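Residue-level listing of the chains:
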Amino acid sequence: EFRDRAKSPLEPDAFARFEGHDFFPIDLNYRVKAKLAIAEGTPFFNMKTTTSRFSTERVYGYVTFTLSEKEFRLPVYQSKDLMQTKEYADYLFFPFTDETNGKETYGGGRYIDLRIPKEGDNVVIDFNMAYNPYCAYSSRFSCPLVPAENQLDIQVPAGVRYHKKEEKLTPDPTLPDSTTFSKPDVPPEFPGGYEALYKFISSNMIYPRAAVEAKTQGSVYVQFVVAADGSITDVRTVKGLSRECDQEAERVVSLMPKWKPGKINGKAVFVRYILPVKFKGQAGWNKQ
């Protein structure tokens, strides 16, 4: 599908270079049998996406399983739209984040497709089948954000990997030897400016469950590089708040669309940038 121009989510330049996905080696330790407990009468709700669109979902039930010697109980979701179709009437949506996000896997988390079991309450969750949302490849798509309830506090090195493209700047004899700058003539800018930037962070932020329980508040200072083509690379925390908040801040920054690049002598350059990402408890402790 990714090699089919009519179906591929890849941008034209990435399509031309695409040779296939990179997967972790198959590990059957990450293929687990789970118990599915159906949640009767749960209402539909608007699940946030990477755009202003909402995905209408409901918690179909909870899957309980053991992974890396830890027991988890996480919700699985059912789409109001898909359940009306013949092909996907029994489809269940299982999004998740884990501690590989933003490092070896896509910062926004990954998805697994499940089906309602025809008999019994057992369902197999194969993390070797975990895949990226289309938003990992193009900002043209609107993808559901992984809810805080679906966070795994372990590494899940299974399924598809993700390597964000990093462009190399052609050396310019009129510039200093370094290819990354902190004070360009023209600083990089988020599309739409600061107001749009903080609206993006607020819309995409998921307050970590552990931080909610601990009532953690404050700012995480995230450093990243705005590349010459405006893409975001080298995301890392330089002053943290807690492990969960640091990871969430890095995840959201990794989701950002391309910026207007910084310039020196009229030429686009790589610029190092530090952004404070604020975590502030509100009613219900469920927003930024």
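Everything numeric in this text was worked out from a predicted model, so none of it was measured.

1. Side note on the overall build of the protein
So, point 1. Scanning the protein from terminus to terminus reveals four helices and 12 strands.
So, point 2. Taken along the three principal axes of its C-alpha coordinates, the protein extends 70 × 45 × 35 Å.
So, point 3. Buried residues in the protein amount to 44% of all 288 residues.

2. Here's the deal with the layout of surface pockets
The gaps left among the atoms become clear once a water-sized probe is rolled over them.
So, point 1. Roughly 990 Å³ of internal volume is contained in the second largest pocket.
So, point 2. Y91, Y111, D113, Y131 and Y134 are, among the 32 residues lining the second largest pocket, the residues nearest its centre.
So, point 3. Those elements that place two or more of their residues in the lining of the second largest pocket are strand 3 (54–67), strand 5 (91–96) and strand 6 (110–115).
So, point 4. For the lining of the second largest pocket, the class distribution of residues is 19 nonpolar, seven polar and six charged.

3. Focus: empty space enclosed by the protein
So, point 1. This model, assessed by the stated rule, comprises one cavity of 30 Å³ or more.
So, point 2. Roughly 50 Å³ of internal volume is contained in the largest cavity.
So, point 3. Residues of the lining of the largest cavity, tallied by class, amount to eight nonpolar, two polar and one charged.

4. Some details on the state of the cysteines
So, point 1. Counted under the stated rule, the structure contains one disulfide.
So, point 2. With its sulfur 2.2 Å from that of its partner, C135 forms a disulfide with C143. Disulfide C135-C143: the torsion about the S-S bond is 105°, which places it as right-handed. As far as burial versus exposure is concerned, C135 and C143 are alike and both buried.

5. Examining the pairing of strand 4 (residues 70–79)
Every regular strand shows the same layout, with side chains that alternate between the two sheet faces.
So, point 1. Most of strand 4 is tucked away, with seven of its 10 residues classed as buried.
So, point 2. In this structure, the hairpin formed by strand 3 and strand 4 is closed by a connection of two residues, where S68 is found at a positive phi of approximately 50°.

6. A word on helix 2 (residues 193–204)
So, point 1. The terminal C-alpha atoms of helix 2, which comprises 12 residues, lie 17 Å apart, in line with the 16 Å expected from a rise of 1.5 Å per residue.
So, point 2. Every buried residue of helix 2 is accounted for by G193, L197, F200, I201 and N204. In an axial view of helix 2, the angular spread of the buried residues amounts to 105°, which keeps them on one side of the axis. Exposed residues lying more than 90 degrees from the buried face of helix 2 are Y194, E195 and K199.

7. A few points about the nonpolar core
So, point 1. The biggest cluster of nonpolar side chains holds 41 residues, and the ones touching the most others in it are F224, V253, M256, W259, L275, V277 and F279.
So, point 2. Listed by contribution, the elements that provide at least two residues to this core are strand 5, helix 2, strand 9 (218–226), helix 4 (243–255) and strand 12 (267–279).
So, point 3. Sorting elements by how many residues they give to this core places helix 4 first, with five residues.
So, point 4. Judged by nonpolar contacts, the second largest core, of 24 residues, contains F65, L74, F96 and I112.

8. Some points on a nonpolar patch on the surface
So, point 1. Residues Y221, V238 and I274 make up a contiguous nonpolar surface patch of roughly 250 Å² in combined accessible area.
So, point 2. The topology assignment puts Y221 in strand 9.
So, point 3. Of the residues examined, Y221 reaches a relative accessible area of 32% and is grouped as partly exposed.

9. Some details on the pattern of salt bridges
So, point 1. Applying the stated criterion to the full structure yields 13 salt bridges.
So, point 2. A salt bridge links R140 to E11; the nearest nitrogen and oxygen atoms lie 3.3 Å apart. Taken as a pair, R140 in the loop between strand 7 (122–126) and strand 8 (180–181) and E11 in the segment before helix 1 (12–17) lie far apart in primary sequence, 129 residues in all.
So, point 3. For R140, a relative accessible area of 52% translates into the label exposed.
So, point 4. With relative accessibility at 25%, the residue E11 sits in the partly exposed group.
So, point 5. Of the charged contacts, one joins R161 and E104 as a salt bridge, the two residues approaching to 3.5 Å between their closest N and O atoms. On the criterion of sequence distance, the pair formed by R161 in the loop between strand 7 and strand 8 and E104 in the loop between strand 5 and strand 6 is long-range, its members being 57 residues apart.
So, point 6. Within this structure, D22, E104 and R161 form a network of salt bridges that share partners.

10. What about the confidence of the model for the protein?
So, point 1. With 91% of its residues at a pLDDT of 70 or more, the protein shows a mean pLDDT of 87.
So, point 2. Confidence drops under a pLDDT of 50 for residues 165–178, and excluding neighbours within four residues, the segment shows 22 contacts in the predicted structure.
So, point 3. Contacts for the low-pLDDT stretch residues 283–288, under 50 throughout, to residues beyond four places or in other chains number 17 contacts.

Rules of the game
Residues numbered from 1 in each chain as written. Predicted model: local features only at pLDDT ≥ 70, side-chain atom pairs only at ≥ 80, totals over all residues. Heavy atoms only, no water. Helix = DSSP H or I, 4+ residues; strand = E, 2+ residues; numbered from the N terminus. Buried < 20%, exposed > 50% of the residue type's maximum accessible area, 1.4 Å probe, protein only. 1 Å grid on protein atoms, 1.4 Å probe; cavity = no way out; pocket = protein on both sides within 12 Å on 5 of 7 lines; lining within 4 Å. Points joined across faces, edges and corners; volume = space filled by probe spheres on them. Nonpolar A, V, L, I, M, F, W, Y, C, P; charged D, E, K, R; others polar. Disulfide = S-S within 2.5 Å. Pairing = 2+ DSSP bridges. Expected span 1.5 Å × (residues − 1). Arc of directions from axis to C-beta. Core = buried A, V, L, I, M, F, W, Y, C linked by side-chain atoms within 4.5 Å. Patch = residues over 30% accessible without salt bridge, like charges linked within 9 Å, V, L, I, M, F, W, Y side chains within 5 Å. Areas by Shrake-Rupley, 256 points an atom, 1.4 Å probe, with all protein chains shown as cover. Salt bridge = Lys/Arg side-chain N within 4 Å of Asp/Glu carboxyl O. pLDDT = per-residue confidence, 0-100. Contact = heavy atoms within 4.5 Å.

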